[in-house]
Amino acid sequence: MTKRIIIVGAGHNGLVCAAYLARAGREVLVLEANAQVGGAAVTRTFAPGYQVPAVAHLLYGFDPAIERELQLRQHGFTDAKSRVLTVALNPDGAPLVHDGREVVSGLSHAEDRQAFTDFMHKMRRLAALLKRQHGRTPPQLTWASWRDAWPLVRLALQMRLLGRADMRELLRMITMPMHDVLEESFAGDLLKGALAVDAVLGTKLGPRSGNTVLNFLHRYTGASAPRVPVGGMGAVSESLASAARAAGVQIRLGARVAAINIESGRATGVTLASGEVIAASTVVSGADPKTTFERLVGLQYLEAELARRIHHMRCEGTAAKLHVALRALPQFKGVDAALVGERLLIAPSALYVDEAFNPAKYGEYSTDPIVEISIPSIADPTLAPAGHHVLSAIVQYAPAHLNGGWEAQRAAFEARVLAVLERYAPGFGSHIVATELLTPADLETQFGLRGGHWHHGELTLDQYLTLRPVPGLGHYATPVQALYLCGAGCHPGGGVMGRAGRNAARVVLQGGVS
Ligand SMILES: Cc1cc2nc3c(=O)[nH]c(=O)nc-3n(C[C@H](O)[C@H](O)[C@H](O)COP(=O)(O)OP(=O)(O)OC[C@H]3O[C@@H](n4cnc5c(N)ncnc54)[C@H](O)[C@@H]3O)c2cc1C
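Conventions adopted
Residues numbered from 1 in each chain as written. Predicted model: local features only at pLDDT ≥ 70, side-chain atom pairs only at ≥ 80, totals over all residues. Heavy atoms only, no water. Buried < 20%, exposed > 50% of the residue type's maximum accessible area, 1.4 Å probe, protein only. Helix = DSSP H or I, 4+ residues; strand = E, 2+ residues; numbered from the N terminus. Arc of directions from axis to C-beta. Polar contact = N/O pair within 3.5 Å; in protein donor to acceptor, adjacent residues only side chain to side chain. Phe/Tyr/Trp six-rings, centres within 6.5 Å; stacked < 30°, edge-to-face > 60°. Salt bridge = Lys/Arg side-chain N within 4 Å of Asp/Glu carboxyl O. Near = heavy atom within 4 Å. Areas by Shrake-Rupley, 256 points an atom, 1.4 Å probe, with all protein chains shown as cover. Core = buried A, V, L, I, M, F, W, Y, C linked by side-chain atoms within 4.5 Å. Pairing = 2+ DSSP bridges. Axes fitted to C-alpha atoms, helices over the stretch in contact; angles between N-to-C directions. Contact = heavy atoms within 4.5 Å. 1 Å grid on protein atoms, 1.4 Å probe; cavity = no way out; pocket = protein on both sides within 12 Å on 5 of 7 lines; lining within 4 Å. Points joined across faces, edges and corners; volume = space filled by probe spheres on them. Nonpolar A, V, L, I, M, F, W, Y, C, P; charged D, E, K, R; others polar.

Caption draft 1: Structural view of helix α11 (residues 304-312). Taken together, the buried positions of α11 are occupied by Leu306, Ala307 and Ile310. Each buried residue of α11 lies within a common arc of 100° when the element is viewed along its axis, so the set occupies one face. Facing away from the buried side of α11 by more than 90 degrees, the exposed set consists of Ala304 and His312. Here α11 starts with a cap whose side-chain oxygen sits 3.0 Å from the backbone nitrogen of glutamate 305, and that cap is glutamate 303.

Caption draft 2: Here's a closer look at the packing of aromatic side chains. Under the definition given, this model contains ten aromatic pairs. With 6.4 Å between their ring centres and 70° between their planes, phenylalanine 62 and phenylalanine 77 make a pair best called edge-to-face. Of this pair, phenylalanine 62 sits in the loop between β4 (50-53) and α2 (64-69) while phenylalanine 77 sits in the loop between α2 and β5 (79-81), and the two are 15 residues apart along the sequence. Given a relative accessible area of 1%, phenylalanine 77 falls into the buried group. With a centroid separation of 5.1 Å and 75° between ring planes, the pair formed by phenylalanine 119 and phenylalanine 186 is classed as edge-to-face.

Caption draft 3: The arrangement of the pattern of salt bridges in detail. Following the criterion strictly, the structure yields 31 salt bridges and no others. Between arginine 416 and aspartate 368 there is a salt bridge, and its shortest N-O distance comes to 3.2 Å. With arginine 416 in helix α13 (residues 406-424) and aspartate 368 in the loop between α12 (350-361) and β17 (370-374), the pair connects residues that are 48 residues apart, well separated along the chain. A salt bridge links aspartate 442 to arginine 410, with the nearest nitrogen and oxygen atoms 3.1 Å apart. Of this pair, aspartate 442 sits in helix α14 (residues 440-447) while arginine 410 is found in helix α13, placing the two residues 32 residues apart along the sequence. Linked through salt bridges whose partners overlap, the residues forming this network are Glu67, Arg73, Asp79 and Arg227.

Caption draft 4: Structural view of the site of the ligand. Residues in contact with the ligand amount to 36 residues; listed here are only the nearest, Glu32, Ala40, Leu58, Trp454 and Gly495. Take glycine 39: an N or O atom from its main chain is 3.4 Å from an oxygen atom of the ligand. With respect to the ligand, the backbone of alanine 488 contributes an N or O atom lying 2.8 Å from an oxygen atom. A total of 1,000 Å² of accessible area belongs to the ligand in isolation, and the protein chains cover 98% of it. When residues of the shell around the ligand are traced back to their parent elements, those giving at least two are α1 (12-23) and α14.

Caption draft 5: Region of the structure containing the nonpolar core. In terms of nonpolar packing, the biggest core is built from 83 residues, with Leu195, Phe332 and Ile373 touching the most fellow members. With 70 residues, the next largest nonpolar core counts Met233, Val257, Ile310 and Tyr484 among its residues.

Caption draft 6: Seen up close, the sheet that holds strand β19 (residues 432-438). Read from one edge of the open sheet, eight strands run β8-β7-β6-β16-β17-β18-β15-β19, paired in mixed fashion. Each end of this open sheet is capped by a strand with a single partner; those strands are β8 (103-105) and β19. On average, each strand axis in the sheet is inclined to that of its neighbour by 25°, with strand direction left out of account. Of the strand pairs in this sheet, strand β16 (residues 343-346) and β17 are connected by three bridges, and their pairing is antiparallel. Its bridge partner being in β17, leucine 344 is matched across the sheet by isoleucine 373. Taken strand by strand, α13 contacts β15 (319-326), β16, β17, β18 (389-396) and β19, and its axis lies near 65° from that of β15.

Caption draft 7: A look at the sheet that holds strand β13 (residues 277-279). The antiparallel open sheet is built from three strands, whose spatial order is β11-β12-β13. Two strands bound the open sheet, and with one partner strand each, they are β11 (257-263) and β13. Between one strand and the next, the sheet's axes are offset by a mean angle of 30°, whatever the strand orientation. Inspection of the sheet shows strand β12 (residues 266-272) paired to β13 by three bridges, in the antiparallel sense.

Caption draft 8: Just empty space enclosed by the protein, in detail. Under the defined criterion, the tally for this structure stands at two cavities of 30 Å³ or more. In terms of lining, the largest cavity is formed by 15 residues, of which the most central are Thr86, Tyr220, Ser224, Ala225 and Pro226. Residue classes in the lining of the largest cavity are distributed as seven nonpolar, four polar and four charged. Lining the second largest cavity we find Leu58, Lys81, Val84, Val228, Gly341, Glu342, Ser374, Ile375, Pro376 and Ala379. Its residues assigned to classes, the lining of the second largest cavity shows six nonpolar, two polar and two charged.

So this is what it looks like as structure tokens:
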């Protein structure tokens, strides 16, 4: 019988998982539907001569242990810019600039300076508790032995070690809406708007929704300021693929898996869309959980309650991507030229963010969306022709299930976003060479992200830790023998971090069962 392990999908988590399994001596074959590795962490050409990070564009929380252990620097991974500042654009004047630790400039209320430093310090201490869990398989809730109980006991101990004040703050805030936390902490609108973005980006939540503090903490489990890799986000994935191949992994591109084959309750391999059948002793899916079970496995192989949970798992994306090829750098109102290459935010207040969310609840896009802008060609000129630039913008809120469908409304939405950019950078339109809009529906079609969701499934307490992606699937192993999950839909969630892939590899090597 074959000992081959098949990994479905060469997203960054699939590649991380593959590399660790191969380094442990396993035979690994990665099957990727697309023509390039990386999933949502890719760099691609969207207009002749212009390349952008096609989905994810800033690197927040890539696990330094993975970077070190897989020797990614030797496989071509390097930073073009290592501490990207956040610049909250101001429609009426100077922007607010912060580095995730301190406000650099632009405060409207002096008292916010110390309040911000203290707040971020506290949030990083609380995020550190979550970060410690990120590298581990979530605790079991039922125990056959004290050994099974230890992860939960350790989590409780670590909470206790936060100290009385921080433990109380964590318990108080974890389910709170970010809006309320911001109101009790700060006075300035620009500051509150920028922090509200960090609590909602990639979710179908607004700042007044519960679980937004959790999302904020998830973001700050990574570095306080993001990075931009040379070659865009795709370069991270290429370095992972190179490390995986060096360890013996075989990667087949353009190999769409149509079905994960099950015999007598055990995964035995896959059938490709071409009809080719490939046998395996183990199958690890880096595709999102809904796709894995509803489309590749078939819900008939699951117990009814688990099938129902998967069906109802929330994974409607609201983030679109707009790429713009520019013949010159745009000038944003009040922004010094030295800051244009930083992370620019259009979210002038928490109220703006909240109002932007309202239409998405009812299947409409926001006409005044929040926008996160990166112009990676400033730090990495290889992405555009000489003197030209590429702008990469995450635009939220644009719900995947838009009333009336995206095809009828994509042109109007793009025009609306360009009008918002024009408002903040007068003359923007005159620099445009080409544009590309990727709606959440496009993200599903082109990158296989179900619902176009950033995390492969909403990151809320009911879909978190042991409960992620759904109760019964929280430990990478599944009820189907020899079938595992390794993507962002698992603990600890999305963002280009690699931790789900690394944790899953460990569970596969230990022969974990659900
Ligand atoms: C608009 C948007 C912007 C984002 N921006 C950022 C950002 O700036 N920074 C950040 O850190 N994160 C960002 N994210 C989140 C981040 O991109 C994802 O969480 C992360 O890339 C998920 O990685 P993954 O490896 O788990 O899954 P994926 O990247 O989704 O990889 C899954 C892979 O499986 C493949 N696949 C699926 N089905 C099959 C099949 N049947 N057969 C073969 N292959 C298959 C897919 O093609 C894909 O390559 C963003 C997400 C979105 C939607």
